[in-house]
Amino acid sequence: MALSYLSSTERRVSGVIKNTPQDFAVEEICPDGTVLEANTAITREPTGSQFVHFVVQKENWSTPDAVREIASRIHVSPKRINYAGTKDKRAITTQLMSAFGVRKEALLGLTMREIKILGAWNANEKVDLGMLLGNRFKIRVEGDIDAKIVNEIHAELRGKFPNYFGPQRFGGSRANTHIIGEKLLQSDLRGAVEYFLMDYSSEINPYAIEARKKLVEERDYRKAVDYFPKHLKFERLVLLGLAQNPNDHANALRKLPRQIMLLFVHAFQSHLFNISLSERLAKGPLEKEEGEYFCEQKNGFPNLEEKAETGWLAGRIIGYETELNEREAEILERFNLRKQDFKMKTMPEINSKGTFRTLLCPMRDFVYKDKTFAFSLPSGAYATSALREFIKDLW
């Protein structure tokens, strides 16, 4: 789906990002505004003893995989390690984590491939999801880059861009998590399972394509357990459930971790948000609608917890608690859904009440030099959504 732009110019530069992890750097910004800089030792005064807070720098590791690697090295369960936010795999990233009941010396002494511990200190509480202000990005773009056009677009944007959910939200190469979520909300559990297992329209791995095609043709779940590639671990979990009972789609889906199931629903909610925002931008300047509010800033970024008379306009991510306005009701109707459908009787563990998200997003400390874009974004914002204003056909 083509999304509307905030900038009006038709002149955008051509380029691609993330050719190598070194082309994409992400440094976490703590709630107090401190940036966890790469290759920089970080120290803090201890505030307790139950937990150890530590800063991880990783390259070409997903956050969950890095957690598992660190946990195995210090001989604890990965469940004892928490973090404030996930970071891109194909990148060099820094982020804050915490571990329960671990000595800081055990972490500081670790030597791992492409993972560094930049600092560790004792603390009273664990690091929780959302305990970060934002992220600082440095992204190299390969292509035909005209610095004059970049600066013209930046001037027109005036430090903001549409706060779209980026393609990572929808499952990377397959880009279908929102479709699975849509089927779940429509109570089409069989359709959700089959799409999850068999859709190969955007699959890039040849072995995965072959396996999914074979399952489409044979519909033999028990046999598919043997030939589905080992890297499709979540698909294999669902197949194991179906091998036991081919018609029990709910319990087959329950073989997946709850956070994966929620990902499907959240992806569809994000899809609705993107559609709504794009359509509103296409009509002109954004105006406050029924149920929306303005929020204040905190350390330069929007603070959804603080309502204000003016500021950053917060729109809704639709869920079962949303008091729909006319436009939101019409969008749901297109998908043959009602807000009550976000409270699923068949799978209540993935109900979603809805929340708020700013429609536009600040892009702080913007610098472009030598094909490299540098800027800071609040937590939950996507660098690819900022860059698409400058780079045509980015996504």
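Above: the structure in question.
Here's a quick rundown of the structure. (Residues numbered from 1 in each chain as written. Predicted model: local features only at pLDDT ≥ 70, side-chain atom pairs only at ≥ 80, totals over all residues. Heavy atoms only, no water.)

**Regarding the overall build of the chain**
For step 1, the next point in the chain: Helix and strand content of the chain: twelve helices and 15 strands.
For step 2, the next point in the chain: For 395 residues, the compact-globule estimate of 2.2 N^0.38 gives 21 Å, and the C-alpha radius of gyration of the chain, at 22 Å, lies within 12% of that figure.
For step 3, the next point in the chain: Over its C-alpha atoms, taken along the principal directions, the chain stretches across nearly 55 × 55 × 45 Å.
For step 4, the next point in the chain: A total of about 19500 Å² of accessible surface is found on the chain, and carbon and sulfur atoms cover 48% of it.
For step 5, the next point in the chain: Computing the positive centroid from 58 side-chain charges and the negative centroid from 53, the chain places the two 4 Å apart. (Helix = DSSP H or I, 4+ residues; strand = E, 2+ residues; numbered from the N terminus. Rg over C-alpha atoms; globule rule 2.2 N^0.38 Å. Areas by Shrake-Rupley, 256 points an atom, 1.4 Å probe, with all protein chains shown as cover. Lys, Arg positive; Asp, Glu negative; His and termini not counted. Charge placed at Lys NZ, Arg CZ, Asp CG, Glu CD.)

**Quick notes on the nonpolar core**
For step 1, the next point in the chain: Among the nonpolar cores identified, the biggest contains 43 residues, and Leu184, Leu197 and Leu215 are the most heavily contacted of them.
For step 2, the next point in the chain: Elements represented by at least two residues in this core include exactly α4 (177-185), α5 (189-198), α6 (206-218), α7 (221-227), α8 (233-244), α9 (249-253), α10 (258-283) and α11 (326-334).
For step 3, the next point in the chain: When residues of this core are assigned to their parent elements, the largest contribution, eight residues, is made by α10. (Core = buried A, V, L, I, M, F, W, Y, C linked by side-chain atoms within 4.5 Å. Buried < 20%, exposed > 50% of the residue type's maximum accessible area, 1.4 Å probe, protein only.)

**Focus on helix α1 (residues 63-74)**
For step 1, the next point in the chain: In this model α1 runs 17 Å from its N-terminal to its C-terminal C-alpha over twelve residues, within 8% of the 16 Å that 1.5 Å per residue would give.
For step 2, the next point in the chain: Three or more residues of α1 are buried, namely Thr63, Ala66, Val67, Ile70, Ala71 and Ile74. Take α1 and look down its axis: the buried residues cluster within an arc of 135°, on one side only.
For step 3, the next point in the chain: Contact partners of the buried residues in α1: β3 (51-59), β4 (81-83), β5 (92-100), α2 (104-108) and β6 (115-123).
For step 4, the next point in the chain: Histidine 75 sits one or two positions beyond α1 and adopts a positive phi of about 60°. (Expected span 1.5 Å × (residues − 1). Arc of directions from axis to C-beta. Contact = heavy atoms within 4.5 Å.)

**Regarding the packing of α4 against α10**
For step 1, the next point in the chain: In contact at an axis separation of 7 Å, α4 and α10 are set at 100° when each is read in the N-to-C sense. As far as their axial angle goes, α10 and α4 are roughly perpendicular. Contacts between α4 and α10 pair Thr177, His178, Ile180, Gly181, Glu182, Leu184 and Leu185 from the former with Met261, Leu263, Phe264, Val265, Ala267, Phe268 and His271 from the latter. (Axes fitted to C-alpha atoms, helices over the stretch in contact; angles between N-to-C directions. Parallel < 35°, antiparallel > 145°, perpendicular 65-115°, else oblique.)

**Here we look at α10**
For step 1, the next point in the chain: Taking 1.5 Å per residue, 26 residues should reach 38 Å; α10 reaches 38 Å between its end C-alpha atoms and fits that length.
For step 2, the next point in the chain: Counting buried residues along α10, 19 of its 26 residues qualify, which places the element largely inside the surrounding structure.
For step 3, the next point in the chain: Residue glycine 284 follows α10 closely and has a positive phi angle near 135°.

**A few points about the pairing of strand β14 (residues 364-369)**
For step 1, the next point in the chain: As paired elements, β14 and strand β15 (residues 372-378) share four bridges and run antiparallel to each other. Looking at β15, one finds that valine 367 is bridged to alanine 374.
For step 2, the next point in the chain: With antiparallel pairing between neighbouring strands as the criterion, β14 and β15 make up a hairpin whose turn holds two residues, including aspartate 370 at a positive phi of roughly 50°. (Pairing = 2+ DSSP bridges.)

**Quick notes on the packing of aromatic side chains**
For step 1, the next point in the chain: Using the criterion set out here, one finds 13 aromatic pairs in the structure.
For step 2, the next point in the chain: Ring geometry for tyrosine 368 against phenylalanine 373: centres 4.8 Å apart, planes inclined by 55°, an arrangement best described as tilted.
For step 3, the next point in the chain: Owing to a relative accessible area of 15%, tyrosine 368 belongs among the buried residues under this scheme.
For step 4, the next point in the chain: Ring-pair connections join several aromatic residues into one group, and the members of that group are Phe366, Tyr368, Phe373 and Phe390.
For step 5, the next point in the chain: Here arginine 357 stacks its cationic end above the ring of phenylalanine 273, 5.8 Å away from the centre of that ring. (Phe/Tyr/Trp six-rings, centres within 6.5 Å; stacked < 30°, edge-to-face > 60°. Lys NZ or Arg CZ within 6 Å of the ring centre and 35° of its normal.)

**Observations regarding the sheet that holds strand β11 (residues 312-317)**
For step 1, the next point in the chain: What the four strands build is an open sheet, ordered β10-β9-β11-β12; its pairing is antiparallel. The open sheet has two edge strands with one neighbour each: β10 (301-308) and β12 (355-358). Neighbour to neighbour, the strand axes of the sheet diverge by 50° on average, direction disregarded.
For step 2, the next point in the chain: As paired elements, strand β9 (residues 293-298) and β10 share five bridges and run antiparallel to each other. Bridge pairing links lysine 298 to phenylalanine 301 in β10.
For step 3, the next point in the chain: Running over the sheet, α10 touches β11 and β12 and is turned about 135° from β11.

**Observations concerning the pattern of salt bridges**
For step 1, the next point in the chain: Applying the stated criterion across every chain, the model contains 27 salt bridges.
For step 2, the next point in the chain: The closest approach of N and O atoms between arginine 334 and glutamate 330, which form a salt bridge, is 2.9 Å. Pair noted here: arginine 334 and glutamate 330 are both in helix α11, with a separation of four residues, about one helical turn.
For step 3, the next point in the chain: Here arginine 334 falls in the partly exposed class, since its relative accessible area comes to 42%. (Salt bridge = Lys/Arg side-chain N within 4 Å of Asp/Glu carboxyl O.)

**Describing unusual backbone geometry**
For step 1, the next point in the chain: Even without being a glycine, asparagine 39 presents a positive backbone phi close to 60°.
For step 2, the next point in the chain: Topologically, asparagine 39 is positioned in the loop between β2 (24-29) and β3.
For step 3, the next point in the chain: The exposure class assigned to asparagine 39 is exposed, which follows from its relative accessible area of 56%.
For step 4, the next point in the chain: Notably, lysine 371 is not glycine yet its phi reads approximately 65°, a positive angle.
For step 5, the next point in the chain: Relative to the helices and strands, lysine 371 resides in the loop between β14 and β15.

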